[in-house]
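Chains, contacts and geometry: an overview
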Amino acid sequence: MEAFVESVTFVKPLSGYKLELVFNTGEKRVFDTVPYLGRGVFGQLKNIELFNQAYVAYGTVCWPGNLDIAPETLYDRSLPA
């Protein structure tokens, strides 16, 4: 595991519950949230209006209601765009 954790600088919700991400390294990646939609509080993101309110704060992706996904998860489980 890398010692340096990338941080998110840009997020754009895409169709199919995917997120287009840009990291502080300049890398553009796509993260699929579907595997998380059945897990605890993340089930709220099935509401597409809430999902589409994704924003960047503190170097990661957040949603209203104190929902967020750790930046290392977003990086490690995303694919190059």
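Structure: see above.
Counting of residues starts from 1 at the beginning of each chain's written sequence and follows it residue by residue. Only residues with pLDDT of at least 70 get local features here, since the model is predicted, and only at 80 or more are side-chain atom pairs given and counted; chain-wide, interface and lining totals rely on the full set of residues. Side-chain descriptors were evaluated using all non-hydrogen atoms of the structure, hydrogens and water having been removed beforehand.

**Here we look at the side chain of Thr33**
The helix count covers DSSP runs of H or I at least four residues long, the strand count covers runs of E at least two residues long, and both are numbered beginning at the N terminus. Here Thr33 is to be found in the loop between β3 (28-32) and α1 (48-51). On the accessibility criterion, Thr33 (1% relative accessible area) is buried. Each residue is assigned to one of three classes by its accessible area relative to the maximum for its type, calculated with a 1.4 Å probe on protein chains only: buried under 20%, partly exposed between the two thresholds, exposed over 50%.

**Things to note about the pattern of salt bridges**
Definition used for salt bridges: Asp or Glu carboxyl oxygen within 4 Å of a side-chain nitrogen of Lys or Arg. Inspection of every chain in the model, using the stated rule, returns three salt bridges. For Asp32, the salt bridge is made with Lys18, and the minimal N-O distance between the two is 3.9 Å. Here Lys18 lies in strand β2 (residues 18-23) and Asp32 lies in strand β3, a separation of 14 residues in the sequence. Look at Asp32 and you get partly exposed, because its relative accessible area is 29%. Classification of Lys18 by relative accessible area gives partly exposed; the value is 32%. Linking Lys28 and Glu20 is a salt bridge whose minimum nitrogen-to-oxygen distance equals 3.9 Å. Taking relative accessible area as the criterion, Glu20 reaches 17% and is therefore assigned buried.

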